[in-house]
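Chains, contacts and geometry: an overview
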Amino acid sequence: MATTLQPPPTINSAARGLRYVKPHESSAPSTGIWVGLAAITMTFAAFTSAMVVRQGSGNDWRHFSFPVILYFNTATLVASSVTLQIGRGRFAAVLEGIDYAASALRALYGTLVLGCVFVLGQYAAWLQLRSEGLYLASAPSSSFFYIFTVLHALHVIGGLLGLIYVTSKLHRGILRASTLSAASQYWHFMALLWIYLLLLLVVRI
Amino acid sequence: MHDVSAHAAHHTPPQGFLRKYVFSVDHKVIGKQYYGLGLLAVMIGMALSWLMRIHLVWPNFAIPGLQWLSSAGAPGGVITPEYYLQLMTMHGTLMVFFVLTNVPFAGFGNFFLPIQIGAEDMAFPRFNMMSFWVTFVGFCVLVAAFFVGDGPPLSGWTAYAPLSALPGTGPGQAMGQTLWAISIAVFCIGQLLGSLNFITTTLDLRTKGMTLMRMPLCTWAWFITSCIGLLAFAVLLPACILLILDRVAGTSFFVPSNLVVSDQLVNHSGGSPLLWQHLFWFFGHPEVYIAILPAAGIVSHILVNSYRRPLLSHKAIIYCMMGIGFLSYMVWGHHMFLSGMNPFSALVFSFPTLVITIPATILVLIWIGSLYGSNLQINSASLFALGFISMFVSGGVSGFFLAQPAIDVYLHGTYFVVGHFHMVMGVAAIFGMFAGTYFWAPKMFGRMMNETLGKIHFWGTFVGTYCIFMPFHYLGLVGNVRRYSAFVDDYLAPLMPVHRFITIAALATGAVQLIFVYNLAYSRFKGKPAPENPWQGTSLEWATSSPPPWDNFGGKLPVVYHDPYQYGIEGSSGDYVMQNSPEQIQTAREDKKLI
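Residues numbered from 1 in each chain as written. Chains lettered and ligands numbered in written order. Predicted model: local features only at pLDDT ≥ 70, side-chain atom pairs only at ≥ 80, totals over all residues. Heavy atoms only, no water.

What to know about the overall build of chain A
Scanning chain A for helices and strands turns up five helices and one strand. For chain A, the α and β elements follow one another from N to C terminus as β-α-α-α-α-α. Residues classed as buried in chain A amount to 50% of the 205 residues present. Contacts in chain A between residues at least 24 apart in sequence constitute 84% of all its contacts with a sequence separation of at least 6. Surface summary for chain A: the accessible area is close to 9,600 Å², and the carbon and sulfur share equals 67%. (Helix = DSSP H or I, 4+ residues; strand = E, 2+ residues; numbered from the N terminus. Buried < 20%, exposed > 50% of the residue type's maximum accessible area, 1.4 Å probe, protein only. Contact = heavy atoms within 4.5 Å. Areas by Shrake-Rupley, 256 points an atom, 1.4 Å probe, with all protein chains shown as cover.)

Here it is in structure tokens:
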């Protein structure tokens, strides 16, 4: 037996529009980043398995010395993660009402600069390999070296664009904590991914 | 309880023609765009299959105008053996990627997933728009292969290396094959963007009261499919990148040493053709479920509405779909039994292949068992949904045979496999697509489709597809090899009457589809205006106008009180209670929820 119907309760979506940082924010950016990272992980896992299979399938695998600048680049990328984390801390303080906005901005600018230095450093590594006669098709090992480093650099450039977006939002005072959090997740993952790739390449090449 | 106040306002009402209909961020427009692209692709794909069937039984028949498409491939309109393979490649690629993936998943999913969970739009509307247009670019690049050099590739939709990795291995293997690889890589990017959106939207944008278990079965299917797609396309993308590099940059990932092509020693070394197969089929088998699971979800959603009672177990269907999705990653090797793999490896892949039939069988038993005690409403949508079960079972049963390496060794290269996958993956998914169209067209376009024409369309298609694909199984059993463009061997000659029958059935079944096209086009503009809830459904898509406003619910999000399928009970509006209705349900199920 049914009861008497009342109009269903509804929630006015216009009241839900959230432009500023507090207090209830959508977790979609964070979820989206995690999902995206899962796809990126799978892509690099596929390349890794392809590398392992390819190394074992022929006798043309060629070992070569790494450009030393790669280690400097690694330190740069790790440092950029640190500055980003500092920026997050300062931004959290801003949300608590402490005037750390300028400090947070400086940390983000520092992250951007370090990220750019990393990409330029990778470019310098490719130039060095070219000068030694190692191109994409020179050997399967150099093929994978270029594939891994170029694809990772492209992802880092994507992260830099995201950070520019975040920085501009912060500059205009309309940054959401969830946006900064999502950008940070991505950026830290890029650092972790690079360390994994570096270890993989060191072991295999 | 889900905090709907956390949702962000996604976008303002679209203004102007371009923003409203072309570069729209509205998930409903994007869903229709995917659907339209799928229809275009299926028409091209079906026309290609006609050309192939005509060539098989009348090899010297000059098809008027075909020489304009390819003067070398069809001189005077007569298809050459190589061009037959090129048509086959394009048929398979268009159908698998741009039809079976696009329509049941991306088309219907985009339109209905946000509405069914009570959201205004997808989580990332701009990504959503990008996903469609990237897919569209992939489609254009693929179709462009018809018009370059010596036409599209001939390596099949699986593009096995080293044939696909080297230019100059046959007609279409130069620019055509490169375009194929670029197209599929671009398609992967589009699908990854789409999957990301589907997963995030489902997890984060459900309205108040919409718990995961209260989501309709098709929403679950789209969610599970997007999880499968996220991981599967993320593997095909690197495979395509490596293939492109082999072709254009001189690398050697898939090309072995000492390979001679056309009396020329190839300048590559050390690559592994099997590496391509592993990467491809790691994507390829989940792709089967990317095609079929959305259709299974749509069919479940329609059947429960047609039965006017809940299915025997809501949760079992969800868990079975999850199980199928999980197992789909463990069976790719069963496509490679003939690759020379270790027999023990074959056994390892055979076992989960057989295990995957268990959740599939449970699905079928629930669909059929729920008929008992139902109040079945026969209409075009329910007919196609029941037809889906028939195709799924008929095609699935032959999978038992192919899962066993010893039998597969004999059958793998025959028409048995063609019959199997066309029924279980192709036609079944297309039946799900038709069922979804007849069921949801009133909501999508605001007009009812003609039921009489729909039923004629169903019976013509149902009988026709059985006439086409069941004989394929028999042809395979007697050893009729696939991929041949002509059957000139003595032992194949007696099979030609069967092939002629299949060709006539294919042409007739194709003609029947014109009824559908006419019905869809006529109803779109001249059909009877659709009410809000023409099928007396319970889920949230029926709680808004037909078609829905740009923000889905007119600025007010619904609140969900019930499980998705409260049918067969005394409701205030009939034998159902909608999910957003606050009325109490006075039945034995009230306390138990759904089993």
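Back to the text.
Structural notes on the overall build of chain B
Of regular secondary structure, chain B possesses 18 helices and five strands. Relative to its full complement of 595 residues, chain B shows a buried share of 64%. In chain B, once contacts between residues fewer than 6 apart in sequence are set aside, the share between residues at least 24 apart is 78%. Split by element, the accessible area of chain B, about 20,700 Å² in all, is 69% carbon and sulfur. Side chains of chain B give 26 positive and 23 negative charges; the mean places of these two sets differ by 7 Å. (Lys, Arg positive; Asp, Glu negative; His and termini not counted. Charge placed at Lys NZ, Arg CZ, Asp CG, Glu CD.)

Some words on the packing of helix H5 (residues 102–116) of chain B against helix H8 (residues 217–248) of chain B
All names here are of chain B. Interaxial distance between H5 and H8 falls to 10 Å at its minimum, and their mutual angle equals 125°. As the angle between them shows, H5 and H8 are arranged oblique. H8 is crossed by H5, and the crossing has left-handed handedness. Across the interface between the two elements, Pro 104, Phe 105, Phe 108, Gly 109, Phe 112, Leu 113 and Gln 116 from H5 touch Cys 218, Thr 219, Trp 222, Thr 225 and Ser 226 from H8. Its residues placed into classes, the contact of H5 with H8 shows seven nonpolar, five polar and no charged. (Axes fitted to C-alpha atoms, helices over the stretch in contact; angles between N-to-C directions. Parallel < 35°, antiparallel > 145°, perpendicular 65-115°, else oblique. Left-handed = near helix turned anticlockwise from the far one by under 90°. Nonpolar A, V, L, I, M, F, W, Y, C, P; charged D, E, K, R; others polar.)

Some thoughts on the environment of Phe431(B)
Residues and elements named next belong to chain B. Tracing the backbone through its elements, the reader meets Phe 431 in helix H15 (residues 415–445). Since its relative accessible area comes to 0%, Phe 431 is described here as buried. Leaving out residues up to four positions away in the same chain, Phe 431 has contacts with Phe 384, Gly 387, Phe 388, Met 391, Phe 458, Thr 461, Phe 462 and Thr 465.

Topic: the nonpolar core
In this structure, Phe108(B), Trp222(B), Phe254(B), Trp367(B), Phe388(B) and Trp440(B) are the most contacted members of the largest nonpolar core, which totals 252 residues. Ignoring sequence-local partners within four residues, the contact set of Phe108(B) consists of Tyr35(B), Val103(B), Leu113(B), Trp222(B), Ile298(B), Met433(B), Gly436(B), Thr437(B), Trp440(B) and Met444(B). (Core = buried A, V, L, I, M, F, W, Y, C linked by side-chain atoms within 4.5 Å.)

So, a nonpolar patch on the surface
Residue and element names in this part refer to chain A. A cluster of nonpolar side chains, Val 78, Val 82, Ile 86, Leu 192, Ile 195 and Leu 199, forms an exposed patch at the surface whose accessible area comes to about 520 Å². Contributions of two or more residues to the nonpolar patch are made by helix H2 (69–95) and helix H5 (177–204). Looking at where Ile 86 falls in the secondary structure, it is placed in helix H2. Residue classification places Ile 86 among the partly exposed positions, given a relative accessible area of 41%. (Patch = residues over 30% accessible without salt bridge, like charges linked within 9 Å, V, L, I, M, F, W, Y side chains within 5 Å. Salt bridge = Lys/Arg side-chain N within 4 Å of Asp/Glu carboxyl O.)

Focus on the packing of aromatic side chains
Residue and element names in this part refer to chain B. Applying the stated criterion across every chain, the model contains 66 aromatic pairs over all chains. An angle of 75° between the planes, with centres 5.6 Å apart, marks the rings of Trp 367 and Phe 388 as edge-to-face. Pair noted here: Trp 367 is in helix H12 (residues 357–369) and Phe 388 is in helix H13 (residues 380–402), with a separation of 21 residues, a long-range link. By relative accessible area, Trp 367 is classed as buried at 0%. Ring centres of Trp 367 and Phe 392 lie 6.1 Å apart, and the angle between their planes is 70°; on these two criteria the pair is classed as edge-to-face. Highlighted residues: Trp 367 in helix H12 and Phe 392 in helix H13, separated in sequence by 25 residues. Summarising the burial analysis for this pair, Trp 367 and Phe 392 share the class buried. (Phe/Tyr/Trp six-rings, centres within 6.5 Å; stacked < 30°, edge-to-face > 60°.)

Quick word on the pattern of salt bridges
Residues and elements named next belong to chain B. The final tally for this structure, using the stated rule, is four salt bridges over all chains. Two residues, Asp 26 and Lys 28, come together in a salt bridge whose shortest N-O distance is 3.1 Å. Here the two residues Asp 26 and Lys 28 agree in accessibility, since each one is buried. The partner of Asp 563 in a salt bridge is Arg 214, and the shortest N-O contact between them spans 4.0 Å. Within this pair, whereas Asp 563 is found in the loop between strand S3 (556–557) and strand S4 (566–567), its partner Arg 214 is found in the loop between helix H7 (175–204) and H8, the two being separated by 349 residues in sequence. Of the residues examined, Asp 563 reaches a relative accessible area of 9% and is grouped as buried.

Things to note about the packing of H2(A) against H5(A)
Residue and element names in this part refer to chain A. Interhelical geometry of H2 versus H5 gives an angle of 160° and a closest axis separation of 10 Å. By the angle class used here, H2 and H5 are roughly antiparallel. As H2 packs across H5, the resulting crossing turns out to be left-handed. When its residues are assigned to classes, the contact of H2 with H5 shows 17 nonpolar, seven polar and one charged.

Things to note about the confidence of the model for chain B
Residues and elements named next belong to chain B. Put simply, chain B has an average pLDDT of 93, and 96% of its residues get 70 or more. In this model, residues 1–9 is a region of pLDDT below 50 whose contacts with residues beyond four sequence positions or in other chains number 31 contacts. Overall, residues 591–595 carries pLDDT values under 50, and its contacts beyond four positions in sequence, including any with other chains, amount to 11 contacts. Scored as a whole, the predicted complex attains pTM 0.92, and scored at its interfaces, ipTM 0.92. (pLDDT = per-residue confidence, 0-100.)

Description of the side chain of Gln191(B)
Turning to its location among the elements, Gln191(B) is positioned in helix H7. With near-sequence residues (within four places) excluded, Gln191(B) lies in contact with Thr101(B), Asn102(B), Phe105(B), Thr135(B) and Phe233(B).

Let's talk about the side chain of Ser131(B)
Relative to the elements of secondary structure, Ser131(B) occurs in helix H6 (residues 125–144). Within polar-contact distance, the side chain of Ser131(B) engages the backbone oxygen of Gly190(B) at 3.2 Å. (Polar contact = N/O pair within 3.5 Å; in protein donor to acceptor, adjacent residues only side chain to side chain.)

Some thoughts on the environment of Lys208(B)
Residue and element names in this part refer to chain B. Relative to the assigned elements, Lys 208 resides in the loop between H7 and H8. Under the relative-accessibility criterion, Lys 208 is labelled partly exposed at 28%. Between the alpha carbons of Lys 208 and Ile 117 there is a distance of 9.3 Å; along the sequence they are 91 residues apart.

Re unusual backbone geometry
Residue and element names in this part refer to chain B. The linkage connecting Ala 161 with the following residue, Pro 162, adopts the cis geometry, with an omega of 5°. Looking at where Pro 162 falls in the secondary structure, it is placed in the loop between H6 and H7. Although it is not a glycine, Arg 308 adopts a positive phi angle of roughly 60°. The topology assignment puts Arg 308 in the loop between helix H9 (273–307) and helix H10 (314–327). Among the residues examined, Arg 308 registers a relative accessible area of 6% and is labelled buried. At Gln 536, a residue that is not glycine, the phi angle is positive and equals roughly 50°. Topologically, Gln 536 is positioned in the loop between helix H17 (496–526) and S3.

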